[in-house]
Amino acid sequence: MKKLTKAVGAIAVAAMLIPLSACGNSRGGGGSSEHKDSSQVSIGISMPEQQLERWQIDGDNLKKQLEQYGYKVTLQFADGKTDLQSSQIQNMANQGADYIVIASIDGTATGAAAEQAAANGSKVIAYDRLIMNTDAVDYYTTFSLTDVGKMQGQYIVDKLGVKEGKKGPFNVELMSGSPTDNNAKYYYEGAWSVLEPYFKSGVFQAKSGKLPSSVKDWQSIGIDNWDRQKGQAEMENRINSFYHDGTKLDAVLAPNDAIALGTVNAVEGAGWNYFPIITGQDAEKANVQAIVQGKQSMTVYKDTRLLAKTTAQLIKDLADGKTVKAKDKFNNGNKDVSSALLTPVSVDKSNIEKELVDSGYISAADAGL
């Protein structure tokens, strides 16, 4: 499987998916065979759940963007259930959706529903999570996945001061995302590309022994469904089993904010007078507050407003009869999918105000400032 090609900066979003004047009617070509008035364009949005704050925000942002173009939009959440998501997608297709945007719970399990949608004439856009092993996905919009992991790994390296000569050994515990989410593989690959040399040299060690034998074994430390409670239970088990004797835990690679918050809760439950370095991803309000309070160390901010805008613009270009050619490609096991890859931002206490508050992504009050 090919890795991500180099991400393009957020400023260049307009150039990521380039609308051309020619029309097309093949599935891979990205053009609509029949131009419709905006009021006749039907779009379905399938989000994986509402429990994680980010998916509620993503769904609402995307629906709002598309409705501004005059399209008919149906937004549904699948409550973390793959069967329900597949059923919702199939219903959208049966009801004549011209375009279906899918943020998959399980990128492989969603393939059959995407194929039914394609058979019904719908264009399928994978949103933030690629739909795997099928020709039915037409476009993919997301952030540079490996960059997210690299930012998390680099933050740990920088804060532990190994480049300044600190030898350790430092106790660093690793977790990865949901084993059913193909994105989690790339996040972990990015992090491991930074952390691996320090584990090999002995500067870093995982006292729990939960260290994948290779990057390909990332699922062995995966947290199902990116779940906070499951992440908390895993970290509580490691603390009680390996750090109960006063051994210092220096850092935790938590792949997203839900698992990061679970880690914070586990540390608080242990009664320690310190917090290890804890990474995260998504810049959720509770986690931003935890960063301000000195509990969580950092998060990787992905401006989902920009992702929604990019996805909505893609659909508008297609609905206007334009053929869209993407600058990036991402292989899903069957084909190279035309992709728009946005650039994430590493955020900690030093730049929360600049990156999150000043940009209007979160209020100062919600950030706890």
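These numbers come from a predicted model, not from an experiment.

A few words now on the nonpolar core. Considering soluble globular proteins, one finds that nonpolar side chains tend to be buried as a cluster. One finds Leu160, Leu174, Leu195 and Phe204 to be the most contacted residues of the largest nonpolar core, which totals 65 residues. A total of 10 residues in this core trace back to one element, the largest contributor, which is helix 6 (residues 182-201). Once residues lying within four places of it in the same chain are set aside, the contact partners of Leu160 are Lys166, Phe170, Val172, Phe204, Asp250, Ala251 and Ile277. Counting residues in hydrophobic clusters, the runner-up holds 30 residues, among them Ile45, Leu66, Leu75 and Ala258.

Within the open sheet, the 4 strands sit side by side as 8-7-9-10. Their pairing is parallel. Both outer strands of the open sheet, strand 8 (204-205) and strand 10 (277-278), are each paired with one neighbouring strand and no more. Bridge count between strand 7 (residues 170-174) and strand 9 (residues 251-253): 3 bridges; the pairing is parallel. Looking across to strand 9, one finds that Leu174 is bridged to Leu253. Sheet contacts for helix 5 (residues 145-160): strand 7, strand 8, strand 9 and strand 10; angle to strand 9, the most-contacted strand, approximately 170 degrees.

Now for the pairing of strand 13 (residues 328-331). Here strand 13 pairs with strand 14 (residues 336-342) via 4 bridges, running antiparallel. For Phe330, the partnering residue across the bridge sits in strand 14 and is Val337.

Definitions and cut-offs
- Residues numbered from 1 in each chain as written.
- Predicted model: local features only at pLDDT ≥ 70, side-chain atom pairs only at ≥ 80, totals over all residues.
- Heavy atoms only, no water.
- Core = buried A, V, L, I, M, F, W, Y, C linked by side-chain atoms within 4.5 Å.
- Buried < 20%, exposed > 50% of the residue type's maximum accessible area, 1.4 Å probe, protein only.
- Helix = DSSP H or I, 4+ residues; strand = E, 2+ residues; numbered from the N terminus.
- Contact = heavy atoms within 4.5 Å.
- Pairing = 2+ DSSP bridges.
- Axes fitted to C-alpha atoms, helices over the stretch in contact; angles between N-to-C directions.

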